[in-house]
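# Structural description and commentary
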Amino acid sequence: MNTALKYWREAATVILAAGLRHAQSADSLKTGLEKVSAFDYQVLLLKRSGSSGFMPNAYVFPGGLVDASDFCSEWQEVFQSFTKAPNYGIGVVKQPPETRPPIFATDRAQLGSPIPGDVAFRICALRETFEESGVLLAVPKHEESGICVRTGDARDSDPQPTLTTLSGLWDRDVLSKWRSLVIGDSANFIKMCKELQCLPNIWALHEWGNWLTPVGKYDKQRRYDAAFYICCLRDTPHALHDDKEIVDFKWSSPTEVLRSYRSKEIWIAPPQFYDLGRMCRFPALRDLHRFAWQRSSEGCEQWLPIHLVAPDGFASILPGDALYPEKEDPSGKSGGVVRSLKELQQDNADLHRIVSQGLYSITVQMNITPKYNHLSPLCGTDEDNASKNHSKL
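Residues numbered from 1 in each chain as written. Predicted model: local features only at pLDDT ≥ 70, side-chain atom pairs only at ≥ 80, totals over all residues. Heavy atoms only, no water.

### A few points about the nonpolar core
Counting residues in hydrophobic clusters, the biggest one holds 54 residues, and the most contacted among them are Trp75, Phe79 and Ile202. When residues of this core are assigned to their parent elements, the largest contribution, 8 residues, is made by helix H4 (residues 117–133). Dropping the residues within four chain positions of it, Trp75 is found in contact with Ser69, Asp70, Ile115, Ile123, Phe189, Ile190, Cys193 and Pro200. Grouped together as the second largest cluster of nonpolar side chains are 45 residues, Phe228, Cys232, Tyr274 and Leu318 included. (Core = buried A, V, L, I, M, F, W, Y, C linked by side-chain atoms within 4.5 Å. Buried < 20%, exposed > 50% of the residue type's maximum accessible area, 1.4 Å probe, protein only. Helix = DSSP H or I, 4+ residues; strand = E, 2+ residues; numbered from the N terminus. Contact = heavy atoms within 4.5 Å.)

### Regarding unusual backbone geometry
The backbone phi angle of Tyr88 is positive, close to 60 degrees, even though this residue is not glycine. Along the chain, the position of Tyr88 falls in the loop between helix H2 (75–78) and helix H3 (102–105). Positive phi, close to 60 degrees, is recorded for Tyr372, a residue that is not glycine. One can find Tyr372 in the segment after strand S15 (362–366).

### Considering the pattern of salt bridges
Considering all chains together, one arrives at 15 salt bridges under this definition. Residues Glu131 and Arg127 are paired through a salt bridge, measuring 2.8 Å at the closest nitrogen-oxygen approach. With Glu131 and Arg127 both in helix H4 and 4 residues apart, this pair spans about one turn of that helix. Owing to a relative accessible area of 10%, Glu131 belongs among the buried residues under this scheme. Here Asp321 makes a salt bridge to Arg353, at a shortest N to O gap of 2.8 Å. Taken as a pair, Asp321 in the loop between strand S12 (313–317) and strand S13 (336–337) and Arg353 in strand S14 (residues 352–356) lie far apart in primary sequence, 32 residues in all. The class for Arg353 is buried, based on a relative accessible area of 0%. Salt bridges here are not isolated pairs; linked through shared partners, they connect Asp70, Arg127, Glu128 and Glu131. (Salt bridge = Lys/Arg side-chain N within 4 Å of Asp/Glu carboxyl O.)

Structural data, given as structure tokens:
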């Protein structure tokens, strides 16, 4: 937990994709590619309270602020069997340290914590998921010998892990009791893991990205440096919102979410829109899982959107775009005003931007190759034909 940050508060988010309880056969996937039902999985979205100070009424992925307890030394006891493995068995990415986003590159030992940052952020993402949705991604201690760990920098030689499954070891009453305790005090997440004899399943999360909140878009006083992970579950779990910070939830395929957004049934923020567009390339959960697992060893890029405002809308300029500043201004004041969105679209050199003409009219304009073997989102009408775009990765 980095209390020295001037502009942001650190947070962690997990994109939770889960297989349908009655998944279609492979043949039906091949014959019904034009249909939304071609997706054999759904994504969990949680609706924030209308009284929330940050993105009220928005549908978001599970996640939240890092707590000091996520970096507590007591986690060494919980992860005792893994403390000698690189990053407790989640491995080390290939990305050079000097290009790693600060949220991952910061030496947490110098900040007083023996817990590696990437481990602590995964603990945070899992804890927040449990608090907000009741879904507990944990491994019973007696099953820890079966956990697939990373022992070196290269992942190509490692066996691909299977889709994550949830343990049925604990009944809902037990989990409900602990959920209330964890919501009341984040430190109770450690106590729960000790008493239930389980480990947060940090190995089921795969590094996906790093988004920073731009200034003035939502609330000037609330800006977040959020680590994004993705997790692929074999089956859709039971979920229950907390009726406090979260007032509703929904499981939907990526294309269904985007269609609901365009029809103004729900509202999602630009990062959710962008990442759901990426997922549209994978109608099959196993393909998404394979890609996420393989790609996560590459690392990711820190994205601080730079806002350009016009009378007819605005554009969020992302790294790699011709208009992105050579040197980022963390204060967020490096944006500006342009005469029109049409003026921006005349520059077709290098595009990587999110353009909006209103709350429900977001589009992604991108013609550059993503770094770190990531994927660009499907844009515009391509989303409607998502199931025709199976990834060959």
